[in-house]
Amino acid sequence: MPDDATEEIQMKMGESTTVKLSGLATAGYQWSYVIDEPADLVTISKDFVLPGKNAGASADEVFTIKANKKGTADIYFVQKRNWEKNTNPANEKKIKIVIE
């Protein structure tokens with residue numbers, strides 16, 4: 001993933017922020033993430049936003065990121081089908097969290 005595609009978010013210890021990613025669950029795709037070391041700088045939880053009245057629409061996936069310690073954490077989000085092991089992701093997003 002190119003470095004210019006990285007979003008940077010500044011946070012203070014104890015703060016939380018959300019990242020909303022477009023869903024494709026009706027096509028079998030789900031977002032997952034990997035945190036570069038040290039992984040304990042942030043805690044991430046996942047939720048969904050209901051798609052509204054559009055029948056068959058996929059729910060967006062929302063990740064809440066909590067800043068635990070000072071430092072920098074890179075989070076790599078990928079949207080893939082879990083059963084497809086050797087394929088490229090449908091979408092990717094890289095976020096750099098800078099915690100003061």
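Procedures and definitions
- Residues numbered from 1 in each chain as written.
- Predicted model: local features only at pLDDT ≥ 70, side-chain atom pairs only at ≥ 80, totals over all residues.
- Heavy atoms only, no water.
- Helix = DSSP H or I, 4+ residues; strand = E, 2+ residues; numbered from the N terminus.
- Buried < 20%, exposed > 50% of the residue type's maximum accessible area, 1.4 Å probe, protein only.
- Areas by Shrake-Rupley, 256 points an atom, 1.4 Å probe, with all protein chains shown as cover.
- Phe/Tyr/Trp six-rings, centres within 6.5 Å; stacked < 30°, edge-to-face > 60°.
- Core = buried A, V, L, I, M, F, W, Y, C linked by side-chain atoms within 4.5 Å.
- Contact = heavy atoms within 4.5 Å.
- Pairing = 2+ DSSP bridges.
- Axes fitted to C-alpha atoms, helices over the stretch in contact; angles between N-to-C directions.
- Polar contact = N/O pair within 3.5 Å; in protein donor to acceptor, adjacent residues only side chain to side chain.
- Salt bridge = Lys/Arg side-chain N within 4 Å of Asp/Glu carboxyl O.

**Q** Is there a simple way to think about the overall build of the chain in this case?
**A** If you tally the helices and strands in the chain, you get zero helices and seven strands. For the chain, the proportion of its 100 residues judged to be buried stands at 28%. Only carbon and sulfur atoms are counted for the fraction: they give 48% of the accessible area of the chain, which is about 6300 Å².

**Q** Sorry, what's going on with the packing of aromatic side chains here?
**A** The description of an aromatic ring pair rests on the distance of the ring centres and on the angle between the ring planes. The full count for this structure, using the stated rule, is three aromatic pairs. Aromatic side chains Tyr33 and Phe63 sit 5.8 Å apart centroid to centroid with 85° between the ring planes, which places their arrangement in the edge-to-face category. Pair noted here: Tyr33 is in strand β3 (residues 29–35) and Phe63 is in strand β5 (residues 60–67), with a separation of 30 residues, a long-range link. Accessibility expressed as a relative area gives 33% for Tyr33, which makes it partly exposed. Between Tyr33 and Phe77 the ring centres are 6.1 Å apart and the planes differ by 55°, which places this aromatic pair in the tilted class.

**Q** Is there a simple way to explain the nonpolar core in this structure?
**A** Formed by 18 residues in total, the largest nonpolar core has its most connected members in Val42, Ile44, Ile65, Ile75, Phe77 and Ile97. Secondary structure elements with two or more residues in this core: β1 (6–11), β2 (16–21), β3, β4 (42–49), β5, β6 (71–81) and β7 (91–99). Ignoring anything within four residues of it in the chain, the contact list for Val42 reads Ile35, Ile65, Lys66, Ala67, Asn68, Ala73, Ile75, Ile97 and Ile99.

**Q** Got a minute to help me understand the sheet that holds β7 in this structure?
**A** One key point about sheets: their strands pair by backbone hydrogen bonds, in either a parallel or an antiparallel sense. Within the open sheet, the four strands sit side by side as β1-β7-β6-β3. Their pairing is mixed. Whereas interior strands pair on both sides, the edge strands pair on one side only; in this sheet they are β1 and β3. Averaged over all neighbouring strand pairs, the angle between strand axes comes to 25°, with direction disregarded. Strand direction decides the pairing type here: β1 and β7, joined by six bridges, are parallel. The partner of Ile9 across the bridge, within β7, is Ile97.

**Q** So what exactly am I meant to see when it comes to unusual backbone geometry here?
**A** What is expected of a backbone is that most residues other than glycine have negative phi and most peptide bonds are trans. A cis amide bond, omega -5°, links Glu37 with the succeeding residue Pro38. As for its position among the elements, Pro38 is in the loop between β3 and β4.

**Q** Would you mind going over the environment of Tyr76 with me for this structure?
**A** One can find Tyr76 in strand β6. As a C-alpha pair, Tyr76 and Lys96 span 20 residues in sequence and 8.8 Å in three-dimensional space. Once residues lying within four places of it in the same chain are set aside, the contact partners of Tyr76 are Ser32, Tyr33, Val34, Asp36, Lys93 and Lys94. Side chain to side chain, Tyr76 and Asp36 meet in a polar contact 3.3 Å long.

**Q** Any chance you could explain the pattern of salt bridges here in plain terms?
**A** It is possible for side chains of opposite charge to pair when their charged atoms get near one another. Inspection of every chain in the model, using the stated rule, returns six salt bridges. Linking Lys20 and Asp60 is a salt bridge whose minimum nitrogen-to-oxygen distance equals 3.7 Å. In this pair, Lys20 is assigned in strand β2 and Asp60 in strand β5, connecting sequence segments 40 residues apart. The class of Asp60 is partly exposed, set by a relative accessible area of 23%. One salt bridge in this structure joins Asp40 and Lys69, with 2.6 Å as the shortest N-O distance. A residue pair is termed long-range when its members are at least 10 positions apart, and Asp40 in the loop between β3 and β4 and Lys69 in the loop between β5 and β6 qualify at 29 residues. For Lys69, a relative accessible area of 39% puts it in the partly exposed group.

Honestly, that's just the spatial picture; any functional story needs more than this.
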